[in-house]
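# Overview (structure and organization)
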Amino acid sequence: MTKTDRSLGAENVSLPPELEAHAQVLRDRVFESTRYLPQFELLLEDLAELRAEVRSDQVVVSLERMILYGKNLFSPYFSHCRYVSLDSSPTSADERGAYNARLVDDPRFVEVPCESRRCPPEKLEFDTATADFVLIPNLVHHVRDQSGLWREAARVLKPGGTLYVFEPTLRELHQIPDDYLRYTPSGMQVAIERFGLQTSRVKTTGGPFTAIAYCWNQALQYIEPEERAKWETWFSGHFEELVGLEVRYPTNQVRKFTSFPTAFSLRAVKA
């Protein structure tokens, strides 16, 4: 049975100080969840939870876009086990290169070497039924061949293994042309079921107020720099207020059977 939680933050799991400092770099600089993308707090909380769950004898395979940063964002969470990064960057990423490298140029960022190879998500270079966990954090919308993605994720998982996915429901078109779709939680559950992946938990985060904040931040980027500063000041003064409204008014008072998450995470188990 699928469990669905709607929250702005799951119960925190404590991290060692060095890893907490690393998480703060992700929070402040990479995902900017403290300024305009609070939905990424869900990903960071889930990573801490997964770290506590994974045993030292288990294998974690993560599908990522490591080429964008030149460093691995998530390997520090799983330094106690075998962690394999499969870089699923498309060929168009070669031209862009590591344009986000400046975001991880911080002394608090922890670099943990890990197995890494580049391969398309529809043809993963990993043995069948050997991974205990497959993580797909913030990547699914960049994958053109969705059936190939889910088929390969199911293939490399052991029976009883766990698939974890984090995805936005609200994003601008980005890394064009390699931006293909936005799932709803129910839509993703249907998509993965035919590959033998049974959803066990869905968590959502965000709402209409932080959606406004996100869209406003995107709109700022369209304004000429000379005028933008004025509106940035206005926005920074109202961001916390919008987040506060999210907490005070979590439910639509007019229409039933509706919600406005900005992101969700999903766990599924391979049958």
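Everything quoted here is computed from the prediction, not taken from an experiment.

Turning to the overall build of the protein, a few remarks are in order. A count of helices and strands for the protein gives 7 helices and 8 strands. For a compact globule of 271 residues, the expected C-alpha radius of gyration is about 18 Å, and the protein comes in at 19 Å, within 12% of that figure. By principal-axis analysis of the C-alpha atoms, the protein measures approximately 55 × 45 × 40 Å. Across the 271 residues that make up the protein, the buried fraction comes to 51%. The long-range share in the protein, meaning contacts at least 24 apart out of those at least 6 apart in sequence, stands at 81%. Taken as a whole, the protein presents about 13300 Å² of accessible surface, with 54% of it coming from carbon and sulfur. Distance between charge centroids for the protein: 4 Å, based on 32 positive and 38 negative side chains.

A separate point is the confidence of the model for the protein. On average, residues of the protein score 92 in pLDDT, and 96% of them reach the 70 mark or higher. This stretch, residues 6-10, has a pLDDT under 50; its non-local contacts, to residues over four places away or in other chains, come to 14 contacts.

What follows covers the packing of aromatic side chains. Overall, the coordinates contain 8 aromatic pairs when judged by the stated rule. Relative to Tyr 83, the ring of Phe 78 lies with its centre 5.5 Å away and its plane at 5°, an arrangement referred to as stacked. Of the two residues, Phe 78 and Tyr 83, neither departs from the other in class, the shared state being buried. Through a chain of ring-to-ring contacts, three or more aromatic side chains come together here, namely Phe 31, Phe 40 and Phe 166.

Turning to the pattern of salt bridges, a few remarks are in order. Per the stated rule, a full pass over the model turns up 16 salt bridges. Glu 115 is the salt-bridge partner of Arg 82, the closest N and O atoms lying 2.6 Å from each other. Residue Arg 82 is located in strand β3 (residues 82-87), and its partner Glu 115 is located in strand β4 (residues 115-118); the two are separated by 33 residues in the primary sequence. The shortest N-O distance in the salt bridge between Arg 117 and Glu 115 comes to 3.5 Å. Connected through salt bridges with shared partners, the residues Glu 49, Glu 53, Arg 201 and Arg 267 form a single ionic network.

Under the 1.5 Å per step criterion, the end-to-end length of helix α1 (residues 17-30) is 19 Å for 14 residues, consistent within 8% with the ideal 20 Å. What α1 keeps buried is the set Leu 19, His 22, Ala 23, Val 25, Leu 26, Arg 27 and Val 30. Where α1 terminates, the next one or two residues include Glu 32, which has phi positive at roughly 50°.

Attention shifts here to the pairing of strand β8 (residues 263-270). Among the 8 residues that make up β8, 7 are buried, leaving the element largely enclosed by the rest of the structure. Where strand β6 (residues 157-168) and β8 come together, 7 bridges link them in antiparallel fashion. Opposite Tyr 164, over in β8, you have Arg 267 as the bridge partner. Across 8 bridges, the pairing between strand β7 (residues 197-205) and β8 is antiparallel. Within β8, the position partnered with Lys 203 by the bridge is Ser 265.

As a further point, take the side chain of Ser 265. In this fold, Ser 265 is placed in strand β8. What makes Ser 265 buried here is its relative accessible area of 3%. Polar side-chain contacts of Ser 265 include one of 2.8 Å to the side chain of Asp 46. Leave out the neighbours within four places in its chain, and Ser 265 touches Leu 42, Asp 46, Tyr 164, Val 165, Phe 166, Arg 201, Val 202 and Lys 203.

Another aspect to go through is helix α4 (residues 146-156). An α-helix turns once per 3.6 residues; consequently, residues spaced three or four apart project the same way. The element α4 is largely enclosed, with a buried count of 8 among its 11 residues. Residues of α4 that are buried include every one of Gln 146, Gly 148, Leu 149, Trp 150, Glu 152, Ala 153, Ala 154 and Val 156, and no others. Buried residues in α4 make contact with β2 (59-64), β5 (131-137), β6, α5 (185-193), β7 and β8. The N-terminus of α4 is capped by Asp 145, whose side-chain oxygen sits 3.5 Å from the backbone nitrogen of Ser 147.

Definitions and cut-offs
- Residues numbered from 1 in each chain as written.
- Predicted model: local features only at pLDDT ≥ 70, side-chain atom pairs only at ≥ 80, totals over all residues.
- Heavy atoms only, no water.
- Helix = DSSP H or I, 4+ residues; strand = E, 2+ residues; numbered from the N terminus.
- Rg over C-alpha atoms; globule rule 2.2 N^0.38 Å.
- Buried < 20%, exposed > 50% of the residue type's maximum accessible area, 1.4 Å probe, protein only.
- Contact = heavy atoms within 4.5 Å.
- Areas by Shrake-Rupley, 256 points an atom, 1.4 Å probe, with all protein chains shown as cover.
- Lys, Arg positive; Asp, Glu negative; His and termini not counted.
- Charge placed at Lys NZ, Arg CZ, Asp CG, Glu CD.
- pLDDT = per-residue confidence, 0-100.
- Phe/Tyr/Trp six-rings, centres within 6.5 Å; stacked < 30°, edge-to-face > 60°.
- Salt bridge = Lys/Arg side-chain N within 4 Å of Asp/Glu carboxyl O.
- Expected span 1.5 Å × (residues − 1).
- Pairing = 2+ DSSP bridges.
- Polar contact = N/O pair within 3.5 Å; in protein donor to acceptor, adjacent residues only side chain to side chain.

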